[in-house]
Amino acid sequence: MRVNLILIVGLILLLSLILGRLVNKFKLPAVPGYLIAGVLLGPSISKIMSQDIIHQLKPINGIALGIIALIIGGEFSLKSIKKLGKSLLFIGVFEILGAVALVTVVMMTIVNDLPLALLLGGLAAATAPAATVAVIKESRASGELTDSLLGIVALDDMLGIITFGIITAVVKTMVSGGEGTTSILSMLKTPFIEITGSILLGAVIGYVVSYFLNKINSEKNLLALILGSIFLASGVADLFELSPILTNMASGAVIRNVSSRHKKVFNLIEGIEIPIFITFFALAGARFELHRLTEIGFIGLIYATTRVIGKVLGTYLGGKLGDVSPTVRKYLGMCLMPQAGVAVGLIIIAQHTYPEASSFILNTLLTSVMISALVGPVLSRIALVKAGEVRSNPENIKKSG
């Protein structure tokens with residue numbers, strides 16, 4: 001079995017890399033290629049990866065989620081947040097609330113299951129900043145909309161994870177509390193304890209790591225320190241029923257704002273993250289049930305459409321309250337459709353929170369991720385062009401489309 005696992009991991013990495021590069025040639029992010037590799041290797045098609053093998057590779061999910069969360073926390077610079085001002089904070093909050101609320105309501109009408117609808121709504125919050133930033137760079141865009149977009153993607157995943165943390169804690173209480181016995185107070189108390197405890201634990205670990213960063217010069221030892229802190233944060237959080245994602249995110253935020261060597265830390269992580277992320281996304285794709293595509297595909301389409309409408313409406317309302325320009329209010333929401341890394345990670349938590357709907361959650365969200373990966377960059381480019389912020393010549397725009 002050990003030999004089989006080594007062989008499987010080799011196939012995952014190589015096939016995912018090939019398909020990721022192939023997808024890149026169509027000006028799309030590589031994540032759909034990794035997911036497709038998983039589908040091809042998984043039980044739905046070739047059956048090279050059985051359910052047993054997928055289960056044995058499960059620890060990779062925890063490692064990937066910890067790294068993703070630490071990197072997101074590392075984007076949280078207090079100086080940058082202060083520069084954003086209240087206008088973008090309004091937009092960030094309302095575009096997430098818009099997506100969560102609208103998706104929850106629409107999904108409730110389809111599934112008639114409040115815990116499931118809430119989880120699906122919570123999963124709608126996060127975006128994929130890498131895809132958005134890639135479109136900006138490719139289009140050589142600059143201007144007010146571009147600046148606002150870059151500011152929002154830095155906040156979006158952090159706010160999305162916190163929102164999802166609140167929702168999952170509420171759902172846990174709803175599912176385990178029994179009908180008629182769950183009070184509003186207990187539903188609010190549980191997420192408060194989980195989120196507060198996770199942030200405090202992460203902050204402590206982040207401060208300890210920041211202290212030792214100044215004592216270690218060897219890059220290899222630094223990398224061991226960071227990986228050890230990720231494993232420790234995830235393990236302790238899981239032991240005390242806290243959120244490993246929030247814990248690592250808080251740890252990354254503290255390192256970013258406390259340590260003078262934070263750039264070194266995150267540069268080291270970049271050197272090891274790709275193979276872990278590739279395997280992580282491929283394993284998610286392997287769990288996708290292709291035979292349910294006709295059943296779930298339409299729901300996934302509704303989900304993806306509702307999500308982007310919610311973000312557009314939320315952005316417009318937040319922009320009104322934050323008094324931003326009409327251009328930003330009108331087009332920013334269109335740029336927030338891409339959905340990949342964080343959302344795929346949160347799927348695992350949602351499945352664990354409500355295992356009765358595990359298959360439905362996975363298939364609906366992966367369908368949405370695929371749709372958003374195809375349509376999201378196109379919408380972002382259209383919005384930037386209509387806002388008059390694309391500086392590329394017409395030929396380059398045509399090629400990038």
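Our subject is the structure that appears above.
Residues numbered from 1 in each chain as written. Predicted model: local features only at pLDDT ≥ 70, side-chain atom pairs only at ≥ 80, totals over all residues. Heavy atoms only, no water.

Asks: Quick rundown of the side chain of T367? Include the residues and the values.
Replies: Along the chain, the position of T367 falls in helix α16 (residues 358-386). On the basis of relative accessibility, which here comes to 9%, the residue T367 falls in the buried class. Contact partners of T367, with chain neighbours within four places excluded, come to F288, L293, I296, G297 and G300. (Helix = DSSP H or I, 4+ residues; strand = E, 2+ residues; numbered from the N terminus. Buried < 20%, exposed > 50% of the residue type's maximum accessible area, 1.4 Å probe, protein only. Contact = heavy atoms within 4.5 Å.)

Asks: Could you give me a rundown of the pattern of salt bridges, with the residues and numbers involved?
Replies: Counting across every chain of the model gives 4 salt bridges. Here E95 ties to K311 by a salt bridge, and the two come within 2.6 Å at their closest N and O atoms. With E95 in helix α5 (residues 78-111) and K311 in helix α13 (residues 293-322), this pair connects stretches of sequence that are 216 residues apart. Side by side, E95 and K311 carry an identical accessibility label, which is buried. When the shortest N-O distance is used, the salt bridge between K264 and E219 registers 2.4 Å. Taken together, the positions of K264 in helix α12 (residues 262-286) and E219 in helix α10 (residues 219-239) put the pair 45 residues apart, joining distant regions of the chain. One network of salt bridges, with partners in common, ties together E95, D156 and K311. (Salt bridge = Lys/Arg side-chain N within 4 Å of Asp/Glu carboxyl O.)

Asks: Can you lay out the nonpolar core for me, pointing to particular residues and giving the numbers?
Replies: Formed by 90 residues in total, the largest nonpolar core has its most connected members in M49 and L123. Ranked by the residues each element gives to this core, the list is headed by α12, at 13 residues. If we ignore the near neighbours within four places in the chain, the residues touching M49 are I8, I12, G38, L41, G42, P43, I54, A282, L283 and A286. If you look at the next biggest cluster of nonpolar residues, it comprises 19 residues, including I91, L149, V324 and C335. (Core = buried A, V, L, I, M, F, W, Y, C linked by side-chain atoms within 4.5 Å.)

Asks: Account for the packing of helix α2 (residues 31-41) against α12, with residues named and values stated.
Replies: Running from N to C, α2 and α12 cross one another at 50°; their axes reach a closest spacing of 6 Å. Comparing the axis directions of α2 and α12 gives the class oblique. Crossing geometry of α2 relative to α12 is assigned as right-handed. Of the residues in α12, those touching α2 at V31, Y34, L35, G38 and V39 are I278, F281, A282, A284, G285 and A286. A per-class count over the contact of α2 with α12 returns 9 nonpolar, 2 polar and no charged. (Axes fitted to C-alpha atoms, helices over the stretch in contact; angles between N-to-C directions. Parallel < 35°, antiparallel > 145°, perpendicular 65-115°, else oblique. Left-handed = near helix turned anticlockwise from the far one by under 90°. Nonpolar A, V, L, I, M, F, W, Y, C, P; charged D, E, K, R; others polar.)

Asks: Describe in detail the packing of aromatic side chains, supporting the description with residues and values.
Replies: By the definition in use, this model includes 4 aromatic pairs. Every member of this aromatic cluster is reached through a ring pair, and the members are Y34, F280 and F281. Stacked on the ring of Y316, the Lys or Arg R329 has its end atom at 5.6 Å from the ring centre. (Phe/Tyr/Trp six-rings, centres within 6.5 Å; stacked < 30°, edge-to-face > 60°. Lys NZ or Arg CZ within 6 Å of the ring centre and 35° of its normal.)

Asks: Hey, could you go over the environment of K47 for me, with residue numbers and the actual values?
Replies: Along the polypeptide, K47 turns up in the loop between α2 and α3 (51-56). Residue class for K47 comes out exposed when judged on its relative accessible area of 57%. In this structure, K47 is in contact with L41 and G42, ignoring residues within four places of it in sequence. Looking at K47, its side chain comes within polar contact range of the main-chain oxygen of P43, at 3.5 Å. (Polar contact = N/O pair within 3.5 Å; in protein donor to acceptor, adjacent residues only side chain to side chain.)

Asks: Please give an account of α12 that cites residues and values.
Replies: With 25 residues, α12 should cover 36 Å at 1.5 Å per step; its first-to-last C-alpha distance of 35 Å lies within 8% of that length. At E273, α12 shows its largest bend, some 45°, and a proline, P275, comes one to four positions later. (Expected span 1.5 Å × (residues − 1). Bend = angle between axes of the 7 residues up to and from the residue.)

Asks: Let's hear about unusual backbone geometry: which residues, and what values?
Replies: Negative phi values dominate among residues other than glycine, just as trans dominates among peptide bonds. Phi is positive for K47, close to 65°, though the residue is something other than glycine. The phi angle at E241 is positive, at roughly 55°, despite the residue not being glycine. Along the polypeptide, E241 turns up in the loop between α10 and α11 (244-258).

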